[in-house]
Amino acid sequence: MLKQIEGSFSTAEAIALCRPEVICAYPITPQTHIVEGLGEMVKTGELKNCEFINVESEFAALSVAIGASAAGARAYTATASQGLLFMAEAVYNAAGLGLPIVMTLGNRAIGAPINIWNDHSDAMSMRDAGWLQLFAESNQDSIDLHIQAFRLAEELSMPVMVCVDGFILTHAVERVDMPAQADVDAYLPPYEPVQVLDPKDPISIGAMVGPDAFTEVRFLQHYKQTLALRLIPEFAAEFQTRFGRDTGGLLRTYRADDAEMLVVAMGSINGTIKDTIDEMRADGFSIGLVTIVSFRPFPTEALRRLLAGRKHVVVIEKSFAVGMGGQLANNVDLALRNTPAAPQVHSVVAGLGGRAITRASLHRVFRRAMAQPWEGAHFLDLNEEIIGKELHHVRKVRRSGPTAENLLRRLDQAAQSTAAE
Amino acid sequence: MTDSTASAAATQKLRFYQKGTFTVGNRLAPDAERSVQASIDRSNALTCGHRACQGCGEALGARYAMDVAMRATGGNLIAVNATGCLEVFTTPYPETSWQMPWLHSLFGNAAAVATGVAAAMRVKGRPEVRAIAQGGDGGTTDIGFGCLSGMFERNDDVLYICYDNEGYMNTGVQRSSATPPTARTATTPAMGPEPGNVFGTGKNLPRIAVAHGIPYVATATVADLHDLERKVMKAMGIHGARYIHIHVPCPLGWGSASHDTIRLARLAVECGLFPVFEAEHGAVTNSRKIRRPVPVDEYLKPQRRFAHLFKDAAGAQRVAHLQAIADHNILEYKLLGQEEDA
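From a predicted model like this one, the values you see are computed outputs, not experimental measurements. Along each chain, residues carry numbers from 1 onward, in the same order as the chain's sequence is written. All chains are assigned letters beginning at A, and all ligands numbers beginning at 1, according to the order in which they are written. In keeping with the model being predicted, local features are shown solely for residues with a pLDDT of at least 70 and side-chain atom pairs are shown and tallied solely at 80 or more, while totals for entire chains, interfaces and linings include all residues.

Helix and strand labels come from DSSP, where a helix needs a run of H or I of at least four residues and a strand needs a run of E of at least two; each type is numbered from the N terminus. Tallying secondary structure elements over chain A gives 15 helices and 16 strands in all. In terms of C-alpha radius of gyration, chain A reaches 22 Å, essentially the compact-globule figure of 22 Å for 421 residues. Along the longest, intermediate and shortest principal axes, the C-alpha atoms of chain A span 75 × 55 × 50 Å. Residues with at least 20 neighbouring C-beta atoms inside 10 Å of their own are called buried, those with 12 or fewer are called exposed, and the rest are partly exposed, where every C-beta is derived from the backbone. Evaluated residue by residue, chain A yields a buried proportion of 48% over its 421 residues. Note on contacts: each residue gets a C-beta atom placed from the backbone, and two residues are in contact if those atoms are within 7 Å. The contacts of chain A with a sequence gap of at least 6 include a subset with a gap of at least 24, amounting to 78%. The atom set for the radius of gyration is the C-alpha atoms, and the globule formula is 2.2 Å times the number of residues raised to the power 0.38.

Okay, structure coming up:
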């Protein structure tokens, strides 16, 4: 059914279609509307046979989900940013225990400095925790990926994180096609746990494991992720057959077939990139796009096949490892390791803390990648002037003060002097 | 004489000590009053073969508590365990001592995980299956406190049992917020002007639990296992958030003899330092009376963690301070006098 609806609420409706049995919620911007929507559906009785639990922290939210999942219920929670960090210990625990919890991450920057707007630092902080991580490009994608997420989680008995860009998607009103309950029921069978706490068949879960078996337990976790590399495209194909929409499986391409330059990106920015590519194609540039849908497992093989033989790869990402560079770029580099005819990889860090990524900036950086390649990460639209001033100040004054506040003051001064001119 | 008065008279008898011991024999009690542990039908939920130290109070307390909860629920019980001694010594993989469904997630989240278990059972249409969370004092009063308070506040249908051995024993005897003043631990050494743990710190979790207004809170001790069993049974007859705080001596951490575990647990009660009481919906309803009051020295002296108190005049002053705390407890919880008939 077609609807014009805010992203958080369409995501909430999709979750409800998946018949979750226990939902744990702790508010954090920009995830709040998702759990508010679900809370309302439980309270009004629209979503039946579901326990909605208002917990006291994100750590408790995922912990309640862990208990519910281990006891055989389909469990869901949502968080963002600091919330994900606060539950970090439970994030690893859920994966280590192999519990098929689905969690929405309304992607948001991590502080300090505190910032509520979108980037991918939160998702990247948990990239090695053992969860599958799927990235939505649109609110339709968010609906479709969440339905697939429950199927994947329960098939593999491992948790899945669906990453939805905060504000850009969660708070955007878009037209979506909401699946019918009967179709979702046909696609997603009831949860049959592979391990469950049951007095009729008592087992211990979460025992101490020493060096004799720890590596093997970890390896099997890794092995499940490699199984997911096969299952994700399989379930996406099945989804397409039933619902008529192609979510791409591990990744999607756009005007990529003959492109000499391929852009690699995740999440909502892909829309702007496609527009830019259309414009550049019209100007005669040979450029295309690879949209990563599954960041974990990382589609190493699929990506290598796509990228090998191209001239340039530009990786655009909304996160970076401080002191190292873009995580996605690093993963792309890894996919190209020992590949003959590997393209030049250009890393672009953009859109941190909600900074808009404009078509104009993308045009510039794509052209620059062809003409003047760079080493390491390029920070898109970096305000070099205030950075220069701050570095000068720090060199001169020992008690130079807090960096963030200094930069804000410089911005303010710059604005005032512009106004005075 | 009707059956009920006969039973009341028998209950009365339970207060007598057997000659030469302080235990009350099952032999003297009618069947209904006998301990679960004495029954051939006990579940052995925490069975033998685990790796607890000799004289471990926690193993004893957990065994009694779980078997009672198993009887109360007809075996429809799921236990969630915080990280700690109990978790480690019962599950050296691939062995487990738990003859019941048992889950260990993390150090600080047992209460929340149990909330999830209880929610799952409701939604699965199996409300008869009940959830228990358990942990040591570190996992309860410190790192697990947020999740515990949340579970209390929501009045989730979980019984949380804290086995309080007054420190982080699993990691090598460090101070917790349940460590008593003056006690020597690895992080409160018996050195300097105020040796051991300092006065004026710590957290009285049973009282904090009471302040949440939850249906049932009790303290108990491994020195009075009849009382412990009765309290667990009572807790399992109630729905909503419940809390039982069991004082469990730790020979390793306290520097005491393994054979003194029960004696020390009893002395802690008799000197007034560990008040045994019950509370319902925010109010203390009764306390166990001290049968043979003793000065705190008797409790402190057999423990090497308090050895520094008995070396000089400054130590004697600290003992007096501890005695004052005990005396205050005796007044506050009305620990002297006749046991009131329930």
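Another point: helix α13 (residues 359-371) of chain A. All names here are of chain A. Given the number of residues in a helix, its expected span is that number minus one, multiplied by 1.5 Å. Compared with an ideal rise of 1.5 Å per residue, which puts 13 residues at 18 Å, α13 spans 18 Å between its outermost C-alpha atoms and is within 8% of the ideal. Inspection of α13 places Leu362, Val365, Phe366 and Ala369 among the buried residues, and these make up the whole buried set. The buried residues of α13 occupy an angular sector of 100° when the element is viewed end-on, so they sit on one face. Away from its buried face by more than 90 degrees, α13 exposes Ala360 and Ala371. As used here, the arc is the angular range of directions from the helix axis to the C-beta atoms.

Attention now goes to the domain arrangement of chain A. Along its sequence, chain A is carved into domain 1 (2-243), domain 2 (252-379) and domain 3 (386-420). Delimitation of the domains relies on an automatic or database domain assignment. Between domain 2 of chain A and domain 3 of chain A, the C-alpha centre-to-centre distance is 33 Å.

The subject of this paragraph is the packing of helix α14 (residues 384-396) of chain A against helix α15 (residues 403-420) of chain A. Residue and element names in this part refer to chain A. Packing of α14 against α15 brings their axes to within 10 Å, and their N-to-C directions diverge by 125°. Here α15 runs oblique to α14, going by the angle between their axes. Crossing of α14 over α15 shows right-handed handedness. Of α15, the residues touching α14 (which contributes Ile386, Lys389, Glu390 and His393) are Thr403, Asn406, Leu407, Arg410, Leu411 and Ala414. For this scheme, ten residues count as nonpolar: Ala, Val, Leu, Ile, Met, Phe, Trp, Tyr, Cys and Pro. Four count as charged, namely Asp, Glu, Lys and Arg, and the remainder, Gly too, count as polar. Split by residue class, the contact of α14 with α15 holds four nonpolar, three polar and three charged. Every axis in this analysis is a line fitted to C-alpha atoms, fitted for helices over the stretch in contact. Angles between the N-to-C directions lie between 0 and 180 degrees. If an angle is under 35 degrees, it is roughly parallel; if it is over 145, roughly antiparallel; if it lies from 65 to 115, roughly perpendicular; otherwise it is oblique. Here a crossing is taken to be left-handed if its near helix is turned anticlockwise relative to the far helix by less than a right angle, and right-handed if that turn runs clockwise.

Our next topic: unusual backbone geometry. Residue A:Ala112 is bonded to the preceding A:Gly111 through a cis peptide linkage, with omega at 5°. Here A:Arg296 and A:Pro297 are connected by a cis peptide whose omega angle stands at 0°. Position of A:Pro297 among the secondary structure elements: in the loop between β13 (294-296) and α11 (300-307). For B:Lys334, which is not a glycine, the phi torsion comes out positive at approximately 50°. Relative to the helices and strands, B:Lys334 resides in the segment after α12 (313-332).

With that out of the way, let us pick up the packing of helix α4 (residues 110-123) of chain B against helix α6 (residues 145-153) of chain B. All names here are of chain B. For the pair α4 and α6, the least separation of the axes is 7 Å and the interaxial angle reads 40°. It follows from the interaxial angle that α4 and α6 lie oblique. Taking contact as the criterion, the partners of Ala111, Ala112 and Thr115 in α4 are, on α6, Cys147, Leu148, Gly150 and Met151.

Residues and elements named next belong to chain B. Overall, the predicted model of chain B reaches an average pLDDT of 92, with 91% of residues at or above 70. Per-residue pLDDT stays below 50 along residues 1-22; that stretch engages in 16 contacts with residues further than four places along the chain or on separate chains. Interface confidence for the predicted complex, expressed as ipTM, amounts to 0.95; the pTM equals 0.95. A score between 0 and 100, pLDDT records how confident the predictor is in each residue.

We now examine the interface of chain B and chain A. Between chain B and chain A, the residue contacts involve 37 residues of the former and 37 residues of the latter. Elements represented by at least two residues in the side of chain B that touches chain A include exactly β1 (77-81), β2 (102-104), α4 and α6 of chain B. Looking at the side of chain B that touches chain A residue by residue, the class counts come to 22 nonpolar, 13 polar and two charged. Any two strands with at least two DSSP bridges between them are considered paired. Strand direction decides the pairing type here: strand β9 (residues 204-205) of chain A and β2(B), joined by two bridges, are parallel. Counted as the bridge partner of A:Ser204 is B:Trp102 from β2(B).

All names here are of chain A. If you walk across this open sheet you meet the seven strands as β3-β2-β4-β5-β7-β6-β13, and the pairing is mixed. The sheet terminates laterally at β3 (51-54) and β13, the two strands that pair on one side only. Pairwise comparison of adjacent strand axes, ignoring direction, gives a mean angle of 20° for this sheet. Note: strand β6 (residues 132-135) against strand β7 (residues 160-165), four bridges, orientation parallel. Paired with glutamine 133 across the strands is methionine 161, a residue of β7. On top of the sheet, helix α3 (residues 58-70) reaches β2 (22-25), β3 and β4 (75-79); it is set at about 165° to β4, its chief contact.

This next bit is on the sheet that holds strand β5 (residues 216-221) of chain B. Read from one edge to the other, the open sheet built from nine strands follows the order β9(A)-β2(B)-β1(B)-β3(B)-β4(B)-β6(B)-β5(B)-β7(B)-β8(B), with strand pairing classed as mixed. Bordering the open sheet on either side are β9 of chain A together with β8 (283-287) of chain B, each of which pairs with just one other strand.

Residue and element names in this part refer to chain B. Two strands pair when backbone bridges link them, and β5 and strand β7 (residues 277-280) are joined in this way by two bridges, in the antiparallel orientation. When the sheet's bridge partners are listed, valine 217 is paired in β7 with alanine 279. Pairing of β7 with β8, which is carried by four bridges, proceeds in the antiparallel orientation. Paired with glutamate 280 across the strands is alanine 283, a residue of β8. What sits between the antiparallel neighbours β7 and β8 is a turn of two residues, in which histidine 281 has the positive phi angle 45°.

Turning next to helix α2 (residues 57-73) of chain B. Note that an α-helix has 3.6 residues per turn; residues three or four places apart therefore point the same way. All names here are of chain B. If you check α2, its first and last C-alpha atoms are 24 Å apart, about what 17 residues at 1.5 Å a residue would give, namely 24 Å. Burial runs high along α2: 16 of the 17 residues are buried. Positive backbone phi, at 60°, marks glycine 74, one or two positions downstream of α2.

This part is about the nonpolar core. Defined on buried residues, the nonpolar core groups Ala, Val, Leu, Ile, Met, Phe, Trp, Tyr and Cys residues joined through C-beta atoms within 7 Å. In this structure, A:Val22, A:Val162, A:Leu262, B:Ala69, B:Ala114 and B:Val117 are the most contacted members of the largest nonpolar core, which totals 221 residues. Looking at this core, the element that brings in the most residues is α4(B), giving eleven residues. Each of two domains, domain 1 (2-243) and domain 2 (252-379) of chain A, supplies a minimum of three residues to this core. Excluding residues within four positions of it along the chain, A:Val162 makes contact with A:Val102, A:Thr104, A:Leu105, A:Leu134, A:Ala136, A:Ser142, A:Leu145, A:His146 and A:Ala149.

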